[in-house]
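Here are the chains, one letter per residue:
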Amino acid sequence: MTDTPVLSVRNLVVEIQTRHAVLRPVDNVSFDIARGEILGVVGESGAGKSMTGNAVIGLLDRPAQIVSGEVYLNGRRIDTLSPSDMRKIRGTGIGMVFQDPLTSLNPLLTVGEQLIETMREHLPISQSEARERAVKALEEVGIPGARERIDSYPHAFSGGMRQRVVIALALCAEPSLVIADEPTTALDVSVQAQIITLLRRLCRDRGTAVMLVTHDMGVIAETADKVAVMYAGRTAELGPVREVLTRPRHPYTEGLMGSAPLASLGQTRLRQIPGNMPRLGALPQGCAFHPRCNRAQTACRRDLGPTLAADEGRAACWFPVGATETAKDIA
Amino acid sequence: MSTKPAMVSVRNLTRRFDVSKPWLNRVVERLPKSILTAVSDVSFDIPAKETYALVGESGSGKSTIGKMMVGLLTPTDGSVTIGGVDLSRETSAKAMDAARERIQMVFQDPYASLNPRWRVRNIITEPVAARGGDTTGLAERLLEQVGLSAEDADKYPHEFSGGQRQRLCIARALSSNPRFIVCDEPTSALDVSVQAQVLNLMSDLKTDLGLTFLFISHDLTVVRHMADRIGVLYLGRLVEEAAPDALFTTPRHPYTKMLLEAAPKLDGFGRETEPPTGEIPDPINPPKGCAYHPRCPLAQDRCRSERPVLRSVGESRSACHFAEKLVAD
């Protein structure tokens, strides 16, 4: 696409200053999300997925902070904005859906009050107009009897219904980007399927770009257009979802796909990646994945893997799977 | 049902919880008592050295069954018989104690189920030490058995990652030399690559030590990999029971079918299916007839009035009036 992407992240680095060391939970991450596109961000806990999302929307808690890199929303740089300007962007520019629907709603306000407050904060509309739109928003996310339930408190809704309210809340000011951080992890499979379908439909209808953070490869496969696989703060692999999942190039992606129980159907043992993801304070030298990698060579132990740009290259690996010959020239 | 002799046998297991408001509120607000039936009339057998899996969504009663199987909860009705000892009716303390020694449990959250102030050595050997058994070298042997190193015995739980902690929980469960282990969502808190390690460890132990497992999970793909037989729970009732391959290829209950279709597929690129409708109903006032009928695409008048019983359909058992029709479609 030649249009300006809705979200462009360039060489984003987030650091946490601790008493002992400087940690880098996000290290040199770049990606683009176009209008109506869904980017899946996968990885294990501690890979930096949520931290990337929070950095984009400007919700990093101290001592975590962006130390370099750029974030553009519709071509406008937003990582340098003041907190009050950033506040205006949240809601109209970027909507956010968090993992736990119970903690992202205020238990002391009715669902309607929360929706109306959000809309009036960002859009020039009257109270009654906002209420009308709130009812419509609830109907759109599939809450039965929206007109009656708008005056209920969050505790009166089930987990799945609550997550629908949170989605309505994220979308009500019509943002051009939605960051959904593990939106279905706390939900049952049947409800998860409902929420995923809903999110996909709403975004397609409105052309909203979505950054979907999850650890579930199945959800990514069914929902995302593009996928970024993260490992120890860096993008290990970035590309169209079908290619990355069916022909992974980075050994980590390959291992991740292989460890899913479905991939070893009919075998007595699952394929496993040995070891654990290193802690940020104790990253090995060279490629962070090399101690667990069966393809590791001298170059991997010495040099950090190649940094992935937003639009070129797929795997941040010196010896990508299925391309051994060409990779040898680089080494 | 399997013809092999059962190691564990569960009969008409039922558990009700009183979830009424306090007495004064009930009198003032004129509310009736409310009773939640978490598990209702569940029967199944687990043959020795096999893995039986219970799957279901939240609120289906799977953890309640698990707790009743190890004796953490007493059944309201029905029985759990393990190795010939009926846990809720056995009167001989000696027989009861012997039976309990052979039962262990692995919990879901490895962060909450290990005492942070105890050393790993004491945590692991506690089931033996509590009975006054000999624990010399036991911790070291168990740690190596679960893929950790003997030096880890003097560390504290916080020094381990999630997957390693779950290995510690497994080591603790193995210490009293059990025959039967209940695993309640043992890998739900773990990442996929670590989950694979823990599942492999469990399969190895099952083969090496000849253990019998009850495996509780909400993840159908994990269950398919681990189980010899799978029971699907809905609102406290067993709605289908089958061998893994049969369950996945020819589900005989519409709820199982829905679960299978709703689960995300690794190769389901851009898959657009009609998502399931509705949610699990309120267990205090479950629907009349078949509990699944408000969400079921096949529901007819009979389903709304008459509760289907669990009956044999081919090699499986299903609690659906139209189990035969479901397969034909």
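In this report, we go over the structure that sits alongside the text. Model, not experiment: these values are computed from the prediction.

Counting secondary structure elements, chain B contains twelve helices and twelve strands. In terms of C-alpha radius of gyration, chain B reaches 21 Å, essentially the compact-globule figure of 20 Å for 329 residues. On the principal axes, the C-alpha backbone points of chain B span a range of 65 × 55 × 40 Å. In chain B, the proportion of contacts linking residues at least 24 apart, taken out of those at least 6 apart, comes to 65%. Taken as a whole, chain B presents about 14800 Å² of accessible surface, with 50% of it coming from carbon and sulfur. Here chain B contributes 41 positively and 41 negatively charged side chains, and the mean placements of these two sets differ by 5 Å.

On to unusual backbone geometry. Peptide bonds are trans in most cases, and residues, glycine excluded, mostly fall at negative phi. The peptide bond linking A:R62 to A:P63 adopts the cis configuration, its omega dihedral lying at 5°. You can see A:P63 is positioned in the loop between α1 (49–57) and β4 (64–73). Here A:E174, not a glycine, exhibits a phi torsion of approximately 50°, which is positive. You can see A:E174 is positioned in the loop between α6 (159–171) and β7 (177–181). Its relative accessible area of 52% is what places A:E174 among the exposed residues. In this structure, B:N177 is a non-glycine residue whose phi angle is positive, near 60°. Among the structural elements, B:N177 can be located in the loop between α6 (162–174) and β7 (180–184). A residue is classified by how much of its surface remains accessible, and B:N177, at 49% relative accessible area, is partly exposed.

Under the criterion given, the structure shown has 33 salt bridges over all chains. Here B:R121 makes a salt bridge to B:D154, at a shortest N to O gap of 3.1 Å. With B:R121 in helix α4 (residues 120–129) and B:D154 in the loop between α5 (138–145) and α6, the pair connects residues that are 33 residues apart, well separated along the chain. By relative accessible area, which is 42% here, B:D154 ends up partly exposed. Across the pair B:E306 and B:R302 runs a salt bridge whose closest N-O atoms are separated by 3.2 Å. Judged by relative accessible area, which is 37%, B:E306 ranks as partly exposed. Sharing partners across several salt bridges, the network here consists of A:E15, A:R24, A:D27 and A:R234.

Attention now moves to the interface of chain B and chain A. Taken together, the contacts link 37 residues of chain B with 44 residues of chain A. Taken together, both faces of the contact between chain B and chain A bury some 3500 Å²; the carbon and sulfur share is 53%. For the pair chain B and chain A, the number of links is one salt bridge. With its nearest N and O atoms 2.6 Å apart, the salt bridge here joins A:R269 to B:D204. At the surface where chain B touches chain A, the tally comes to 13 residue pairs in polar contact (both at pLDDT 80 or more). For the side of chain B that touches chain A, the elements supplying multiple residues, two or more each, are α7 (192–209), α8 (220–226) and α10 (254–262) of chain B. A total of ten residues in the side of chain B that touches chain A trace back to one element, the largest contributor, which is α7(B). Class assignment for the residues of the side of chain B that touches chain A results in 14 nonpolar, 14 polar and nine charged.

Next up on the list: the pairing of strand β2 (residues 22–33) of chain A. All names here are of chain A. Within β2, nine of the twelve residues are buried, leaving the element largely enclosed by the surrounding structure. Across seven bridges, strand β1 (residues 7–17) lies against β2 in antiparallel orientation. Bridge pairing in β2 places V14 opposite V26.

Okay, the pairing of strand β6 (residues 94–97) of chain A next. Residue and element names in this part refer to chain A. Side-chain alternation along β6 places I94 and M96 on one buried face and G95 and V97 on a second face that is also buried. In this structure, β6 lies alongside β7, joined through four bridges in parallel fashion. Residue pairing for β7: M96 is matched across the bridge by I179.

What follows deals with the sheet that holds strand β8 (residues 209–213) of chain A. All names here are of chain A. The strand order β6-β7-β8-β3-β9-β10 describes an open sheet built from six strands, whose pairing is mixed. On the outer flanks of this sheet lie β6 and β10 (234–240), each paired with one strand and no other. Shown here is a sheet whose adjacent strand axes are inclined to one another by a mean of 15°, direction ignored.

Aromatic ring pairs are described here by two measures, namely the spacing of the ring centres and the angle between the planes. Summed over all chains, the structure comprises seven aromatic pairs over all chains. Judged by centre distance (4.4 Å) and plane angle (5°), the rings of B:F44 and B:Y52 are stacked. Considered together, B:F44 and B:Y52 belong to a single accessibility category, that of buried residues. An aromatic cluster is defined as three or more aromatic residues linked by ring pairs; in this entry it consists of A:Y231, A:Y252 and A:F289. Against the face of A:F157 rests A:R149, its NZ or CZ located 4.3 Å from the ring centre. Its end group placed over the ring of B:F248, B:R224 keeps NZ or CZ at 4.3 Å from the ring centre.

Our focus in this paragraph is α10(B). The buried fraction of α10(B) amounts to seven of the nine residues, a majority that puts the element mostly inside the structure. Looking at α10(B), one finds that the buried residues are B:P254, B:Y255, B:T256, B:M258, B:L259, B:L260 and B:A262.

With that out of the way, let us pick up the side chain of A:D27. All names here are of chain A. As for its position among the elements, D27 is in strand β2. Given the relative accessible area of 13%, D27 is considered buried. Of the polar contacts made by the side chain of D27, one reaches the side chain of R234; its length is 3.4 Å.

Let us look at the state of the cysteines. Residue and element names in this part refer to chain B. Applying the stated criterion across every chain, the model contains zero disulfides over all chains. C296 forms no disulfide, and the closest cysteine sulfur to it belongs to C320, at a distance of 6.1 Å. By relative accessible area, which is 15% here, C296 ends up buried.

About the thresholds
Residues numbered from 1 in each chain as written. Chains lettered and ligands numbered in written order. Predicted model: local features only at pLDDT ≥ 70, side-chain atom pairs only at ≥ 80, totals over all residues. Heavy atoms only, no water. Helix = DSSP H or I, 4+ residues; strand = E, 2+ residues; numbered from the N terminus. Rg over C-alpha atoms; globule rule 2.2 N^0.38 Å. Contact = heavy atoms within 4.5 Å. Areas by Shrake-Rupley, 256 points an atom, 1.4 Å probe, with all protein chains shown as cover. Lys, Arg positive; Asp, Glu negative; His and termini not counted. Charge placed at Lys NZ, Arg CZ, Asp CG, Glu CD. Buried < 20%, exposed > 50% of the residue type's maximum accessible area, 1.4 Å probe, protein only. Salt bridge = Lys/Arg side-chain N within 4 Å of Asp/Glu carboxyl O. Buried area = accessible area lost by both parts, 1.4 Å probe. Polar contact = N/O pair within 3.5 Å; in protein donor to acceptor, adjacent residues only side chain to side chain. Nonpolar A, V, L, I, M, F, W, Y, C, P; charged D, E, K, R; others polar. Pairing = 2+ DSSP bridges. Axes fitted to C-alpha atoms, helices over the stretch in contact; angles between N-to-C directions. Phe/Tyr/Trp six-rings, centres within 6.5 Å; stacked < 30°, edge-to-face > 60°. Lys NZ or Arg CZ within 6 Å of the ring centre and 35° of its normal. Disulfide = S-S within 2.5 Å.

Fair warning: the whole summary comes from geometry, so function is off the table for now.
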